[in-house]
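Structural characterization, general
Read off the chains here:
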Amino acid sequence: MSDRWLYGWGLASIGLGGASLVVPLYVVELGGGPVVLGVLAAAAAAAAAPGALVVGRLADRTGHRRGYVLGAIAVVAGGLAVVAGVESIPVVVAANAGIWFAFAAATPVVTLLAVVGAQESAWSDRITRLNEWQGVGWALGLLVGVCVLVGGERLVGLDARTALRAVCLVCGTSAAAGWLLTARALPVDPGPRAGPAPRRLRRALRGATRFGVRGAGFPFTPTRMDFRGLHPRRFVRRFTPSLALYFAAVVLVFAGFGAFFAPLPAYLAGVGFGDDAVFGLYLALNVGAAASFGSAGELVERYEVTLVHAGSLAVRAVTFPAIVATGGVLAATLPLFVLVGVTWAVIAISAVTLVTRLSPPIVRGEALGVYGALSTLASGVGSVGGGWLAASGYGRAFAVAGASVTAGVGVVMVLRRRVADGTAGPERTVYSTDRTE
């Protein structure tokens, strides 16, 4: 299959990258406070989690992968057009939830399309290429936001609300162009059940975690996982105490992430950052994450993964409340945003490594799917709590977010001690340097 459709998906990703920030900023411009932003993020998380699960199964069962991908891109383009054309916060929240449902629904399907027709030995490289296109598109969407806002407000003289609408329209137009290119490039559907076996695809996914920048500043975005082979009863039967302990840490950590990131756009606007500066900060965060994945992988390979994971989480936990302490000074805030991005690269790779090593071989792929679902849902719950806390003080919300992540660090350290002293019994071998399956 030709790779030309990747260009179309890259254009759609530009729309998604811009939407990830322009919609929260537009809600703030419409008068929404941190509580509303918490609801906005929680609604997106609630829509994303079932999207990846349900549509991935339907696409595999019916064989209509082309239709699901094109439908998802159309929803993204249409959702951005709706946001640009209304001033009702409930409508914006609903349109945003639709955008992230569509993105999550397309995620497992485009992964399958990336490997169709290729030898199994090339799957990891093709999935990595897909991730790179999507990651670059996401970052370009933020850059587009900076350029449109600077040009609209400072050169053309648009007011803030109109400039944000212009960003929505530009990002929506990019997604629409992506739809046209994808429609021309994607071949006819091969039929039901055509494609790689789920277990083999999940193995390739574990080797292609690079460039996962989306979760750096938007933790409710789903990870790229294949849910076709998920068997809950089998997974529960093989669910180990150590894996359960780590999943408890995941819930605490991602709840903290959600509590921080959901009200963050309102905080930045409140301390005097313009919309263009906010886009610039998030762009720096994403670039910091993207540039650090190679070094993060080397760090995880060289040192004990639990210590690397706990250390990166601890740095993030301190950085969250430190952003409030900067008082809105750009020169002090910018390095902290870059640091938040860098830590995400380490967290993302070390988390996947931990889940893989703690899981019995037969359910490793399913464990990664559960990790993705738990992180998405926990960030949604944290978003609501963070928005509610921020209504009475951003310092309190960000401190609680940092405390939640710190609690997760404590659980990870308990897990490390449990494995090191042999309490986990046979699970002690999961920290072996042997990564064969």
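Reading the values: the criteria
- Residues numbered from 1 in each chain as written.
- Predicted model: local features only at pLDDT ≥ 70, side-chain atom pairs only at ≥ 80, totals over all residues.
- Heavy atoms only, no water.
- Helix = DSSP H or I, 4+ residues; strand = E, 2+ residues; numbered from the N terminus.
- Buried < 20%, exposed > 50% of the residue type's maximum accessible area, 1.4 Å probe, protein only.
- Areas by Shrake-Rupley, 256 points an atom, 1.4 Å probe, with all protein chains shown as cover.
- Phe/Tyr/Trp six-rings, centres within 6.5 Å; stacked < 30°, edge-to-face > 60°.
- Lys NZ or Arg CZ within 6 Å of the ring centre and 35° of its normal.
- Axes fitted to C-alpha atoms, helices over the stretch in contact; angles between N-to-C directions.
- Parallel < 35°, antiparallel > 145°, perpendicular 65-115°, else oblique.
- Left-handed = near helix turned anticlockwise from the far one by under 90°.
- Contact = heavy atoms within 4.5 Å.
- Nonpolar A, V, L, I, M, F, W, Y, C, P; charged D, E, K, R; others polar.
- Expected span 1.5 Å × (residues − 1).
- Salt bridge = Lys/Arg side-chain N within 4 Å of Asp/Glu carboxyl O.

The name that an unreviewed UniProt entry assigns to the protein chain is MFS transporter, with the source organism given as Haloplanus salinus.

Scanning the protein chain from N- to C-terminus turns up 15 helices and 0 strands. Relative to its full complement of 437 residues, the protein chain shows a buried share of 56%. Total accessible area on the protein chain is roughly 16,200 Å²; 65% of this is exposed by carbon and sulfur atoms.

Going through the model one piece at a time under the given rule, you end up with 18 aromatic pairs. The interplanar angle of 50° and the centroid separation of 6.3 Å between the aromatic rings of Tyr394 and Phe398 together place this pair among those described as tilted. In this pair, Tyr394 and Phe398 are both assigned in helix α15 (residues 394-420), 4 residues apart and thus about one turn of the helix distant. For Tyr394, a relative accessible area of 22% gives the class partly exposed. Residue classification places Phe398 among the buried positions, given a relative accessible area of 0%. Through a chain of ring-to-ring contacts, three or more aromatic side chains come together here, namely Phe254, Phe257, Phe260, Phe261, Tyr267, Phe320, Trp344, Tyr371, Tyr394 and Phe398. Just above the ring of Phe257 sits the side chain of Arg316; from NZ or CZ to the centre is 4.6 Å.

The next thing to look at is the packing of helix α5 (residues 123-156) against helix α6 (residues 160-185). Orientation of α5 relative to α6, taken along the N-to-C sense of each, is 140°, at an axis distance of 9 Å. In terms of orientation, α5 and α6 fall into the oblique class. At the point where α5 passes α6, the crossing takes the right-handed sense. Contact residues: α5 offers Val144, Gly145, Val148, Leu149 and Glu153, while α6 offers Ala160, Ala163, Leu164, Ala166, Val167 and Val170. Of the residues assigned to the contact of α5 with α6, the class counts are 9 nonpolar, 1 polar and 1 charged.

Time to look at α5. Under the 1.5 Å per step criterion, the end-to-end length of α5 is 47 Å for 34 residues, consistent within 8% with the ideal 50 Å. Phi for Gly157, located one or two positions after α5, is positive at around 85°.

Examined against the element boundaries, Val83 turns out to sit in helix α3 (residues 65-85). Spatially, the C-alpha atom of Val83 lies 9.8 Å from that of Gly172, the residues being 89 residues apart in sequence. Not counting residues up to four positions away in its chain, the partners in contact with Val83 are Val23, Tyr26, Val92, Ala95 and Cys168.

Okay, the pattern of salt bridges next. Enumeration according to the criterion identifies 4 salt bridges in this entry. Residue Arg165 pairs with Glu87 through a salt bridge whose shortest N-O separation is 2.7 Å. With a gap of 78 residues between them, Arg165 in helix α6 and Glu87 in the loop between α3 and α4 (89-115) connect regions that are remote in the sequence. Overall, the relative accessible area of 49% leaves Glu87 in the partly exposed class. Note that Glu304 and Arg416 form a salt bridge whose closest N and O atoms lie 2.9 Å from each other. Placement of Glu304 in the loop between α11 (275-302) and α12 (305-325) and of Arg416 in helix α15 is noted, with a sequence separation of 112 residues between them. Arg416 sits in the partly exposed class, given a relative accessible area of 28%. What emerges from the salt-bridge pattern is a single network uniting Glu87, Arg161 and Arg165.

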